[in-house]
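Residue-level listing of the chains:
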Amino acid sequence: MVFHLPKVYPITDTNLSGLSHAEQIDRLIAGGATLIQLRDKHAASRDLYPQAEVALQIARKHDVRLIINDRVDVALALGADGVHLGQTDMPVEAARRLLGERVIVGISTHNLEQAKLAANMPVDYVAFGPIFKTSTKENPDPIAGLEALRGVRTIVGSLPVVAIGGITLANAGEAWKAGADAVSSIAALVSDPSRIAENMSQMLAKSQAYIEKQA
Ligand code: TZP
Ligand code: MG
């Protein structure tokens with residue numbers, strides 16, 4: 001089960017962008033996104049399900065993978081590409097049992113201890129953060145920073161690492177350099193609805209420049 005993460009992993013937010021998940025996904029795909037997370041902390045299941053259904057149809061049309069935040073039930077019912085779990089969500093093992101081996105399961109971690117535990121779970125990637133200050137997450141954990149990210153890179157071995165929290169065009173390079181395979185971003189990509197595609201393509205260009213510099 002080898003899973004290759006793109007260097008940029010955008011997340012939708014209807015409050016910040018003022019757009020539906022589907023509209024954000026359209027624009028992120030226009031900007032080059034190939035893996036997107038649909039995150040909605042407040043929508044009732046009855047509202048979220050049809051929104052996620054349309055979002056998944058758009059993603060599928062473009063061969064883009066869609067990961068659902070928190071909601072194993074919605075991911076399972078839709079046949080989404082994956083689910084992203086937090087520390088208070090359903091245990092990874094249970095989600096894996098429900099979703100099967102082929103579905104992507106990611107987990108959020110916020111300190112080295114959690115990352116160490118995550119490394120022994122049946123996950124496809126480990127997200128770690130917040131790396132920088134974030135205003136998007138309600139009640140965020142303390143800023144973990146780049147040094148801890150380097151520690152996580154070592155602890156989790158070959159599992160892909162996603163850096164999250166306060167990632168912008170200006171600091172994404174520091175996260176890749178510290179060992180993140182991908183950066184995940186909300187505000188920097190979607191808070192200005194008129195710039196979503198442009199922000200996405202700029203961050204991808206930045207990642208391409210980083211890759212070429214490493215080569
Ligand atoms: N987990 C840790 S920080 C965060 C999540 C979901 C929010 C990231 O949002 P932003 O706007 O990129 O700081
Ligand atoms: Mg969660």
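Conventions and cut-offs
Residues numbered from 1 in each chain as written. Chains lettered and ligands numbered in written order. Predicted model: local features only at pLDDT ≥ 70, side-chain atom pairs only at ≥ 80, totals over all residues. Heavy atoms only, no water. Donors = N, O, S within 2.8 Å, 3.2 Å for Na, K, Ca; no water. Helix = DSSP H or I, 4+ residues; strand = E, 2+ residues; numbered from the N terminus. Axes fitted to C-alpha atoms, helices over the stretch in contact; angles between N-to-C directions. Parallel < 35°, antiparallel > 145°, perpendicular 65-115°, else oblique. Left-handed = near helix turned anticlockwise from the far one by under 90°. Contact = heavy atoms within 4.5 Å. Near = heavy atom within 4 Å. Polar contact = N/O pair within 3.5 Å; in protein donor to acceptor, adjacent residues only side chain to side chain. Areas by Shrake-Rupley, 256 points an atom, 1.4 Å probe, with all protein chains shown as cover. 1 Å grid on protein atoms, 1.4 Å probe; cavity = no way out; pocket = protein on both sides within 12 Å on 5 of 7 lines; lining within 4 Å. Sits in = over half its atoms within 2 Å of the grid points. Nonpolar A, V, L, I, M, F, W, Y, C, P; charged D, E, K, R; others polar.

Colleague: What should I look at first to understand the coordination of the magnesium ion (ligand 2) in this one?
Modeller: Coordination angles at a metal have ideal targets, namely 109.5 degrees for four tetrahedral donors and 90 or 180 degrees for six octahedral donors. Protein-derived ligands of the magnesium ion (ligand 2) are Asp-70 (OD) and Asp-89 (OD), with the metal-ligand distances lying across 1.7 to 2.2 Å. Residue Asp-70 is located in the loop between strand 3 (65-69) and helix 4 (72-78), and its partner Asp-89 is located in the loop between strand 4 (82-85) and helix 5 (92-99); the two are separated by 19 residues in the primary sequence.

Colleague: What exactly am I supposed to notice about the packing of helix 2 (residues 21-30) against helix 10 (residues 196-214) here?
Modeller: Packed helix pairs are characterised by how far apart their axes lie and by the angle those axes make with each other. Running from amino to carboxyl end, helix 2 crosses helix 10 at an angle of 40°, the nearest separation of the two axes being 7 Å. When the axes of helix 2 and helix 10 are compared, the pair comes out oblique. As for the relative orientation of helix 2 and helix 10, their crossing is right-handed in sense. When helix 2 is examined against helix 10, the residues Gln-24, Arg-27, Leu-28 and Ala-30 are found in contact with a partner set consisting of Ile-196, Ala-197 and Met-200.

Colleague: I keep staring at the site of ligand 1 and nothing clicks. Help me out?
Modeller: Taken together, Arg-39, Thr-134, Thr-136, Lys-137, Ile-164, Gly-165, Gly-166, Ser-185, Ile-186 and Ala-187 make up the full set of residues near ligand 1. Taking Thr-134, its side chain carries an N or O atom lying 2.6 Å from an oxygen atom of ligand 1. Gly-166 places a main-chain nitrogen or oxygen 2.7 Å from an oxygen atom of ligand 1. Burial of ligand 1 by the protein amounts to 96% of the accessible area it has alone, namely 370 Å². Put simply, ligand 1 lies in the largest pocket. Class assignment of the residues belonging to the shell around ligand 1 gives a composition of 3 nonpolar, 5 polar and 2 charged.

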